Amino acid sequence: MKARYQFRFYPTDQQRQLLAQLFGCVRVVWNDALALCKKSVSVAGDATRTTKLPSNNDLHSFSNYPSKEN
């Protein structure tokens, strides 16, 4: 039998700010990757999927491992 758990999370103000920044960064990366995939498909063979994603300087200020900072 599989157990099911529910958890509640009550972040502090600082944690809310960090989570908002994290999810904003994730959204930007996802949208850039999706746009690149759509562009690759629309060109149909002329572009490869090994193309680098566009650089976004705003993302460099955020940690690569946000869940391990605390």
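Quick summary incoming for the structure in this document. Source: prediction; values computed, not measured.

Per the secondary structure count, the protein chain includes one helix and zero strands. Looking at the protein chain residue by residue over its 70 residues, the buried ones come to 9%. Carbon and sulfur atoms make up 55% of the accessible area of the protein chain, which totals about 6900 Å².

Quick look at the packing of aromatic side chains now. Tallied over the full model, the rule gives one aromatic pair. Ring centres of tyrosine 5 and phenylalanine 7 lie 6.4 Å apart, and the angle between their planes is 35°; this geometry places the pair in the tilted category. As far as burial versus exposure is concerned, tyrosine 5 and phenylalanine 7 are alike and both exposed.

Rules used in this analysis
- Residues numbered from 1 in each chain as written.
- Predicted model: local features only at pLDDT ≥ 70, side-chain atom pairs only at ≥ 80, totals over all residues.
- Heavy atoms only, no water.
- Helix = DSSP H or I, 4+ residues; strand = E, 2+ residues; numbered from the N terminus.
- Buried < 20%, exposed > 50% of the residue type's maximum accessible area, 1.4 Å probe, protein only.
- Areas by Shrake-Rupley, 256 points an atom, 1.4 Å probe, with all protein chains shown as cover.
- Phe/Tyr/Trp six-rings, centres within 6.5 Å; stacked < 30°, edge-to-face > 60°.

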